[in-house]
Amino acid sequence: MRNLKITIRALSILLPVLLFQCNTTNKEASINKEEIGSVEGKTVMAIFAHPDDEMTVAPILSKYAREGAKVYLVICTDGRYGTNDFSGIEAGEGLVAIRKEEMKCAANNLGVELIHLNYHDQLKSGEGYDGHVPHAQALLTELYEIVTDKKPDALITWGPDGGTTHMDHRLVGASVTQVFVSRLWEKPTELFYVGTPSKLIDSLGDKILRGVDDKYLNTRIKYTKEDSEKALASLKCHKSQMSPQGLIWITEYQKKFGMEMYLRQFIAPKNIKNSIFN
């Protein structure tokens with residue numbers, strides 16, 4: 001069961017790059033007008049596992065929607081196992097219904113178009129091979145169809161760490177990656193993974209589990225106070241998942257970091273090699 005206990009420590013792990021991290025100043029990001037114009041007509045697609053996972057990239061989804069891009073947010077699972085100590089809501093269909101409404105609220109606050117799929121949390125892993133594998137394969141196939149239909153210029157998803165090493169996060173990220181590498185796409189589609197700089201993680205154990213060295217974080221995107229506020233408003237929609245104490249912690253955390261997000265672009269090799277060594 002996905003039992004998310006919303007505590008300070010859990011939040012620090014759950015929000016790997018979230019709204020407020022990755023810079024050491026509190027200056028609002030400046031916006032270049034030419035840069036804004038360049039996103040008009042572009043399509044961005046963020047693909048994540050659970051309702052509330054979008055919090056990881058919420059500020060830049062708001063940013064690109066505000067600047068004129070078409071932004072899709074694909075949530076793969078129904079959140080049925082997202083129980084915790086403070087809400088008292090039991091796992092199952094009742095929680096699914098609640099989280100679908102919360103996800104609609106969050107997407108509206110960000111100004112993005114929501115595509116909410118109906119796969120089970122943990123992708124039926126408890127049912128063994130015959131339950132899990134067909135479910136996971138169906139997800140991958142449906143993601144391929146969505147990408148084919150919407151033709152995004154940029155895809156954003158979890159990297160190999162999954163942010164928290166959560167099995168659903170990692171499987172969704174791997175599925176998006178497989179969709180991306182399965183063919184050459186018509187557009188110059190790019191794939192990006194969210195990442196937490198290892199230098200911002202204190203615990204050695206957490207560095208190993210979810211840290212990414214700066215060398216690999218080759219895309220850094222600034223956003224504004226407006227985007228940050230919209231992201232926080234969207235987070236508040238997830239009342240079944242976010243305790244009042246958690247929201248207070250996040251608000252305080254926001255004050256400590258500037259408004260920049262780190263991504264790692266998946267870059268295909270340009271040349272064919274005949275050795276695994278340089």
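Since we're looking at a predicted model, the values are computed, not measured.

**A word on the overall build of the chain**
Then comes step 1: Counting its regular elements, the chain contains 9 helices and 9 strands.
Then comes step 2: Summarising the internal contacts of the chain: among those between residues at least 6 apart in sequence, 81% fall at separations of at least 24.
Then comes step 3: By element, 53% of the accessible surface of the chain is carried by carbon and sulfur atoms, the whole surface being about 13500 Å².

**A few points about unusual backbone geometry**
Then comes step 1: Notably, Gln 122 is not glycine yet its phi reads approximately 65°, a positive angle.
Then comes step 2: Taking relative accessible area as the criterion, Gln 122 reaches 18% and is therefore assigned buried.
Then comes step 3: Even without being glycine, Thr 165 reaches a positive phi, approximately 65°.
Then comes step 4: Summarising the element assignment, Thr 165 is placed in the loop between strand E4 (154-158) and helix H6 (167-181).

**So, the sheet that holds strand E3 (residues 113-119)**
Then comes step 1: Strand order across the open sheet formed by 7 strands is E3-E2-E1-E4-E5-E9-E8, with mixed pairing between neighbours. Bordering the open sheet on either side are E3 and strand E8 (219-222), each of which pairs with just one other strand. Recorded for the sheet is a direction-independent mean angle of 25° between the axes of neighbouring strands.
Then comes step 2: The sheet contact formed by strand E1 (residues 43-48) and E4 spans 3 bridges and is parallel. Pairing of Ala 46 across the sheet is with Ile 156, part of E4.
Then comes step 3: Against the sheet, helix H4 (residues 93-110) touches strand E2 (70-77) and E3, its axis set at about 160° to E3.

**Some points on the packing of helix H5 (residues 128-150) against H6**
Then comes step 1: It is at 9 Å that the axes of H5 and H6 come closest, and there the two elements cross at 50°. With respect to each other, H5 and H6 are oriented oblique. In the packing of H5 onto H6, the handedness of the crossing is right-handed. Touching His 132, Ala 136, Leu 139, Leu 140, Leu 143, Tyr 144 and Val 147 of H5 are Leu 171, Val 172, Ser 175, Val 176, Gln 178 and Val 179, all from H6.

What counts as what
- Residues numbered from 1 in each chain as written.
- Predicted model: local features only at pLDDT ≥ 70, side-chain atom pairs only at ≥ 80, totals over all residues.
- Heavy atoms only, no water.
- Helix = DSSP H or I, 4+ residues; strand = E, 2+ residues; numbered from the N terminus.
- Contact = heavy atoms within 4.5 Å.
- Areas by Shrake-Rupley, 256 points an atom, 1.4 Å probe, with all protein chains shown as cover.
- Buried < 20%, exposed > 50% of the residue type's maximum accessible area, 1.4 Å probe, protein only.
- Pairing = 2+ DSSP bridges.
- Axes fitted to C-alpha atoms, helices over the stretch in contact; angles between N-to-C directions.
- Parallel < 35°, antiparallel > 145°, perpendicular 65-115°, else oblique.
- Left-handed = near helix turned anticlockwise from the far one by under 90°.

Structural measurements only, silent on function.
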